[in-house]
Amino acid sequence: ENVKRIGSSAFKGCSSLYHADVPEGLLSIGASAFEGCKDLDEVYISSFSTELDERALGYLSENRTDADFVLITFEGTPAAKYGEENGIKVIAADGICGENAVYTFDEETGTFSVYGWSATYSYNNTDEGKAPWAKADGESEPIIGKIKKLVFDDRITEIGSNFMTGAAELEV
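Residues numbered from 1 in each chain as written. Predicted model: local features only at pLDDT ≥ 70, side-chain atom pairs only at ≥ 80, totals over all residues. Heavy atoms only, no water.

Asks: Summarise the overall build of the protein chain; cite the residues concerned and give the values.
Replies: Along the backbone of the protein chain there are one helix and eleven strands. If you list the helices and strands of the protein chain from N to C, you get β-β-β-β-β-β-α-β-β-β-β-β. Relative to the 2.2 N^0.38 estimate, which gives 16 Å for 172 residues, the radius of gyration of the protein chain is 17 Å and therefore close to what a compact globule would have. Taking the principal axes of its C-alpha atoms as reference, the protein chain extends roughly 50 × 30 × 30 Å. A burial count over the protein chain gives 43% of its 172 residues as buried. Looking at the protein chain alone, contacts between residues at least 24 apart form 44% of all its contacts between residues at least 6 apart. For the protein chain, the accessible surface area stands at approximately 9300 Å², while carbon and sulfur atoms represent 46% of it. (Helix = DSSP H or I, 4+ residues; strand = E, 2+ residues; numbered from the N terminus. Rg over C-alpha atoms; globule rule 2.2 N^0.38 Å. Buried < 20%, exposed > 50% of the residue type's maximum accessible area, 1.4 Å probe, protein only. Contact = heavy atoms within 4.5 Å. Areas by Shrake-Rupley, 256 points an atom, 1.4 Å probe, with all protein chains shown as cover.)

Asks: Describe the sheet that holds strand 4 (residues 42-45), naming the residues involved and giving the relevant values.
Replies: Taken in spatial order, the four strands make up an open sheet running 2-4-6-7, and their pairing is parallel. Lying at the two open borders of the sheet, with one neighbouring strand each, are strand 2 (19-22) and strand 7 (89-93). The average undirected angle you get between the axes of adjacent strands in this sheet is 15 degrees. As paired strands, strand 2 and strand 4 are joined by four bridges and run parallel to one another. Residue His19 lies in a different strand from strand 4, and its bridge partner there is Glu42. Across the sheet, helix 1 (residues 78-85) is in contact with strand 4, strand 6 (70-74) and strand 7; its angle to strand 6 comes to roughly 145 degrees. (Pairing = 2+ DSSP bridges. Axes fitted to C-alpha atoms, helices over the stretch in contact; angles between N-to-C directions.)

Asks: I'd like to hear about the environment of Phe34, residue by residue, with values.
Replies: One can find Phe34 in the loop between strand 3 (28-29) and strand 4. On the basis of relative accessible area, Phe34 is assigned to the buried category, the value being 3%. For the pair Phe34 and Gly13, spaced 21 residues apart in the sequence, the C-alpha separation amounts to 7.4 Å. In contact with Phe34, not counting residues within four places along its chain, are Ile6, Phe11, Leu17, Ala20, Ile29, Leu40, Ala56, Leu57 and Gly58.

Asks: Just give me the short version of the side chain of Glu35, but keep the residues and values in it.
Replies: Take Glu35: it is sitting in the loop between strand 3 and strand 4. At 3.0 Å, the side chain of Glu35 and the side chain of Ser32 are in polar contact. (Polar contact = N/O pair within 3.5 Å; in protein donor to acceptor, adjacent residues only side chain to side chain.)

Asks: Describe the pattern of salt bridges, listing the residues and the values that go with them.
Replies: For the structure on display, the rule yields six salt bridges. Of the charged contacts in the structure, one is a salt bridge between Glu42 and Arg155, with a shortest N-O distance of 2.7 Å. Within this pair, whereas Glu42 is found in strand 4, its partner Arg155 is found in the segment after strand 11 (149-152), the two being separated by 113 residues in sequence. By relative accessible area, which is 7% here, Glu42 ends up buried. A salt bridge links Glu85 to Lys81; the nearest nitrogen and oxygen atoms lie 3.9 Å apart. Taken together, the residues span about one helical turn, with Glu85 and Lys81 both in helix 1 at a distance of four residues. (Salt bridge = Lys/Arg side-chain N within 4 Å of Asp/Glu carboxyl O.)

Asks: Explain the nonpolar core residue by residue, including any values.
Replies: Counting 19 residues, the largest nonpolar core has Ile29, Phe34, Val43, Ile45, Leu52 and Leu57 as the members making the most contacts within it. Going through the elements one at a time, strand 2, strand 4 and helix 1 are the ones with two or more residues in this core. Phe105, Tyr123, Ala131 and Phe163 belong to the second-largest nonpolar core, a separate cluster that totals 16 residues. (Core = buried A, V, L, I, M, F, W, Y, C linked by side-chain atoms within 4.5 Å.)

This is the structure in structure tokens:
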């Protein structure tokens, strides 16, 4: 959390690096910071304000053209804009559901997806302790009643207590 900037070429050529979790509060990632990280296939940027310099993720350089590369961040952030402008697949998370896990919900298909590489949080059934998707936001019903399908990233290590309690439409 104390890291505020990743400098230019900071991890350049770290060919065994496969994942980067950018800490909350990071202000910027310098040019070519991850250039030449040929195994890097996913970057998670949880900060809503991290700015990315040119080729910060090394994507689309001569060493980084992997079509499976994914940037996980939040809708409307500078990171999401960077991904869209650079042709990077962006997963715009709806929220956080674990130390290193986020979720998305596709209302059209009823698909609830969890991405990341950790256990999900455990929840309880009190109003304060319910999962965010199980709470009404004042204007609409909670999405828990609309979830029909669950998709978990292979690296999710554990599904916490009461994670999908109340998902009556969930198809097995």
